[in-house]
Amino acid sequence: DGDSSVIVGDGFYEVETDEDGFYEIPEFDPGVYSVQVEAEGYFSLTIISIYINSDAGSVTLPTFDLLNENSDQSGTAHGQAVDATTGGGIAGATVLIRPNWNNTSGDVVTETATDSAGGYNVDLARGYYTIEFVIAGYSSSFINVTSSGSTGVKDCVLNPNGDASSPDQDQD
């Protein structure tokens, strides 16, 4: 029939897409959700802490581009940490890489630092990652990346927070 199917559980929704990959969750409750996308032959994608506030009962989520499991292409994420007020590069920022998207705490899979021009360059296994930029005097900033072959340039803008003594982040 071409319709997607929805199972509503205690604190979760389970959705099966239609033949075109589309789905709908009717009467969706506003809140904070994690989304796990799985399909046979593809890497699972987990997106943590998606904030959904919809009085209309209708929410549009992004299109999920899944990575084929049958490829072992790694990628290189590179770019620059940039000051939001000056536009200049931020040297010495810690760059923390965590698995999955929107993953703002927990296990770090690799770490590096920005160079004198604010640039960073990190090789990543094929998959989905959150990159956090941390340095005293700025609020931490996060970007999501997909590593597959040529990951590409991912710049990140950091906002000064007026506190040069410690970064604005949770200490694990």
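Please refer to the structure higher up on the page.
Residues numbered from 1 in each chain as written. Predicted model: local features only at pLDDT ≥ 70, side-chain atom pairs only at ≥ 80, totals over all residues. Heavy atoms only, no water.

Colleague: Would you mind going over the overall build of the chain with me for this structure?
Modeller: Counting its regular elements, the chain contains zero helices and 12 strands. Reading the chain from its N terminus to its C terminus gives the helix and strand order β-β-β-β-β-β-β-β-β-β-β-β. Out of the 172 residues belonging to the chain, those deemed buried represent 31%. Long-range contacts, defined here as pairs at least 24 residues apart, represent 55% of the contacts in the chain between residues at least 6 apart. (Helix = DSSP H or I, 4+ residues; strand = E, 2+ residues; numbered from the N terminus. Buried < 20%, exposed > 50% of the residue type's maximum accessible area, 1.4 Å probe, protein only. Contact = heavy atoms within 4.5 Å.)

Colleague: I keep staring at the sheet that holds strand β6 (residues 94-99) and nothing clicks. Help me out?
Modeller: Note on sheets: strands pair through backbone hydrogen bonds, and any given pair is parallel or antiparallel. Across the sheet, which stays open at both edges, the four strands sit in the order β7-β6-β9-β10 with antiparallel pairing between neighbours. In this open sheet, the two strands that pair with only one neighbour each are β7 (110-113) and β10 (141-147). The sheet shows a mean angle of 25° between the axes of neighbouring strands, taken without regard to direction. (Pairing = 2+ DSSP bridges. Axes fitted to C-alpha atoms, helices over the stretch in contact; angles between N-to-C directions.)

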